[in-house]
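Below are the chains, spelled out letter by letter.
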Amino acid sequence: MVLDFLQSLSEIELVGGLTLLSLLIGGIIMVVGITLARTVRLLFTKYYAPKLSQDTAKNFGKLIYFGIIIISFLVFTSSTGVDLSGLIVAGGIFGIVIGFATQSVVSNLISGVFLMLEKPAKQGDSIELPSLNISGTLLYIGTFSVKIRQFDGTIIRVPNESIFTTNIRSLTSTQVRRSECIVGIAYKEDIDAAITVIRKEIRKTMSYVLMVPKPEFRIKELADSSVNIEILVWHPREDWVEVSPKLLQVVKKALDDNGIEIPFPQRVIWEAKD
Amino acid sequence: MTNETSEKIFSNYGVYEVNENLELSFPNTEIKIERIGKNVFSYSRNDSESNLVKKIIPTKSNDLTIEISPIRPLNYPARRTSYMYLEFESPVFLSENSAATVFARCPIEIGVFLLHNEHKNPLDWFTCDPLNSRFGLYGAPDSGTLCKYSSSEIAESYEDSIPFFNAVLEINLKNELDSGHSISKVIFPISDYSVYYKNSKAIIDSVNAIMKKKITLEIFDVSSKPIQTDWAKSPTYEHTIDIKRIDMGVD
């Protein structure tokens, strides 16, 4: 009875040699293909993904899933006996049109592939894109774009092409970072004494500043109104917020407490005698 | 269980049972535990930086038992590393093929543990010496290892630690090279080392440090050596993690 039913289906032709039976078989192939794709992706996510970086694991998962579905589709088309030559010719012409229209999409896709291969930064790294004026934590390198959580909490999506062609400054690739500030003292003040009091205050109050390498002091400039001292301190990479924004405050307190003048710009005007 | 100093009496390390109230005093730090209800206690700590830590502790039994003990100096100002960088105030010179043993002071922090069903749960930690709890980098900024840093004085014996501020550890130095070298620092993963206490004194497992050749490089091979002692062993405060071993270079 089932055979009779299938026989009857094979006799119903829809279009161009495509029968209802071959469509049914094709449908079964697609269902099996999708189920297989999901199962393989699940197994990959469970057993192999933990050994890879999150970005690579996600993209491999997508590649496996869509790869199996595409193969299933090809099996489906070949099993149904549909003649795809016309579709291929039409697809070729359509592809050229689409190609011109979607240059940036393809460019982002290719850039994404190269970003995944080159790995200039990994998920969770703090990065800065100076030319785009973007800095934050890298959340995800996707097929077409990168997502970054900026330090103000907002999430920004940057096309892969922009990332690939710009400079990337990694803020967390080393264990330590350096913060700097410049302070000016009056010309009448003793430079060594000023450096000593600043060094003591940093030592006393800034627990995240490294003892080795020691804080460094450079005379940056003999400026119009002041002798400018540059102060460079190292700290653990995670603790920029504990050091950099507070450094000038600590330096000013040290100078104020010790009566060392921080001058403001002054101009002395001499009146010429007749 | 108290230790008298010339200025103030401080509490000792050890196990304390609390029925109603308990006040403990350490340099720059005060701890108060008070019963606030049936089977409920409050814990509060004031430290030298005016931080106030308060916790409510419900208990199954009528009493509360805590242990105060020295712990590895890895928590202040934040947990960032498992390595310790001890820089000797005076370098030790070792001539070729010689050995020496020195005792050095290493900073500690103090842990407060809640004793419950023979488990020791970390409740709180503090340092009595925040000014000398700092970081240092061993190596170059682009590839170095972040460590807790301390300038270390050479001590005379295990009894020579400064209560609540530091512990004494034995460093067994050996030079297997063909020439003499000065040793000014030792870097080691302190999470591999146990801390022991008696009254207000503390000691740490020994360090074996051997200067030797590894293929063509001269390295300073540092490893831990557990000590046999009747001092009480401190519980571990931090979560233990596997850390990468690094080779020190010879100065």
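The shown structure was predicted, so the numbers you read here are calculated from the model rather than taken from an experiment. (Residues numbered from 1 in each chain as written. Chains lettered and ligands numbered in written order. Predicted model: local features only at pLDDT ≥ 70, side-chain atom pairs only at ≥ 80, totals over all residues. Heavy atoms only, no water.)

### Section: the overall build of chain B
Scanning chain B for helices and strands turns up zero helices and 22 strands. Its C-alpha atoms give chain B a radius of gyration of 20 Å, within 12% of the compact-globule value 18 Å for 251 residues. In terms of its C-alpha atoms, chain B occupies a principal-axis envelope of roughly 70 × 40 × 35 Å. In chain B, buried positions account for 53% of the 251 residues. Contacts in chain B between residues far apart in sequence, at least 24 positions, make up 67% of those at least 6 positions apart. Counting every atom, chain B has about 12000 Å² of accessible surface; 47% of that belongs to carbon and sulfur. Across chain B, 26 positive and 35 negative side-chain charges occur, with their mean positions spaced 6 Å apart. (Helix = DSSP H or I, 4+ residues; strand = E, 2+ residues; numbered from the N terminus. Rg over C-alpha atoms; globule rule 2.2 N^0.38 Å. Buried < 20%, exposed > 50% of the residue type's maximum accessible area, 1.4 Å probe, protein only. Contact = heavy atoms within 4.5 Å. Areas by Shrake-Rupley, 256 points an atom, 1.4 Å probe, with all protein chains shown as cover. Lys, Arg positive; Asp, Glu negative; His and termini not counted. Charge placed at Lys NZ, Arg CZ, Asp CG, Glu CD.)

### Observations regarding the confidence of the model for chain A
Taken over all residues, the pLDDT of chain A has a mean of 87, while the share at 70 or more is 95%. For chain A, strand β1 (residues 13–15) of chain A is the element with the lowest average pLDDT, namely 69, and strand β10 (residues 227–236) of chain A is the one with the highest, namely 97. (pLDDT = per-residue confidence, 0-100.)

### Re the pairing of strand β10 (residues 98–107) of chain B
In regular strands, side chains alternate between the two faces of the sheet. Residues and elements named next belong to chain B. Most of β10 is tucked away: seven of the 10 residues are buried. Direction of pairing for β10 relative to strand β16 (residues 166–175): antiparallel, over a ladder of 10 bridges. Within β16, the position partnered with Ala104 by the bridge is Leu169. (Pairing = 2+ DSSP bridges.)

### Description of the packing of aromatic side chains
All names here are of chain B. On inspection of all chains with the given rule, the structure shows 14 aromatic pairs over all chains. Through a chain of ring-to-ring contacts, the aromatic side chains of Phe10, Tyr13, Phe26, Phe126, Phe164 and Tyr197 assemble into a single cluster. The ring of Phe135 carries Lys148 above its face, with NZ or CZ at 5.9 Å from the centroid. (Phe/Tyr/Trp six-rings, centres within 6.5 Å; stacked < 30°, edge-to-face > 60°. Lys NZ or Arg CZ within 6 Å of the ring centre and 35° of its normal.)

### Things to note about the sheet that holds strand β5 (residues 29–37) of chain B
In any sheet, the strands associate via hydrogen bonds between backbone groups, in a parallel or an antiparallel arrangement. All names here are of chain B. Judged by pairing direction, the sheet is antiparallel, and its four strands sit side by side in the order β4-β5-β6-β7 without closing on themselves. In the strand order of this sheet, the two ends are held by β4 (21–26) and β7 (52–58), each with one partner. Between one strand axis and the next, the sheet turns through 15° on average, direction left out of account. Here strand β6 (residues 40–46) pairs with β7 via seven bridges, running antiparallel. Looking across to β7, one finds that Arg45 is bridged to Val53. (Axes fitted to C-alpha atoms, helices over the stretch in contact; angles between N-to-C directions.)

### Overview of the sheet that holds strand β12 (residues 119–126) of chain B
Residue and element names in this part refer to chain B. Here we have four strands laid out as an open sheet, ordered β3-β8-β11-β12, and antiparallel in their pairing. Each edge of the open sheet carries a strand with a single partner, namely β3 (14–18) and β12. Here the average twist between neighbouring strands, direction ignored, is 30°.

### Some details on the environment of Gly111 of chain B
Residue and element names in this part refer to chain B. For Gly111, the location among the structural elements is in strand β11 (residues 109–116). Accessibility expressed as a relative area gives 0% for Gly111, which makes it buried. In the structure, Gly111 is positioned 104 residues away from Ile215 in sequence and 43 Å away in space, judged by C-alpha atoms. The residues contacting Gly111, other than those within four sequence positions of it, are Glu67, Ile68, Ser69, Ile71, Asp124, Trp125 and Tyr237.

### Quick look at the interface of chain B and chain A
Listed per partner, the contact involves 19 residues of chain B and 17 residues of chain A. Around 1500 Å² of area is buried between chain B and chain A when both sides are counted, 61% of it from carbon and sulfur atoms. With a closest N to O distance of 3.7 Å, Arg80 of chain B and Glu238 of chain A form a salt bridge. Applying the counting rule to chain B against chain A returns nine residue pairs in polar contact (both at pLDDT 80 or more). Residue assignment for the side of chain B that touches chain A shows that the elements contributing at least two residues are β9 (83–94), β13 (134–138) and β14 (145–152) of chain B. In terms of residues, the side of chain B that touches chain A owes the most to one element, β13 of chain B, which gives four residues. A class-by-class count of the residues in the side of chain B that touches chain A yields 10 nonpolar, five polar and four charged. (Buried area = accessible area lost by both parts, 1.4 Å probe. Salt bridge = Lys/Arg side-chain N within 4 Å of Asp/Glu carboxyl O. Polar contact = N/O pair within 3.5 Å; in protein donor to acceptor, adjacent residues only side chain to side chain. Nonpolar A, V, L, I, M, F, W, Y, C, P; charged D, E, K, R; others polar.)

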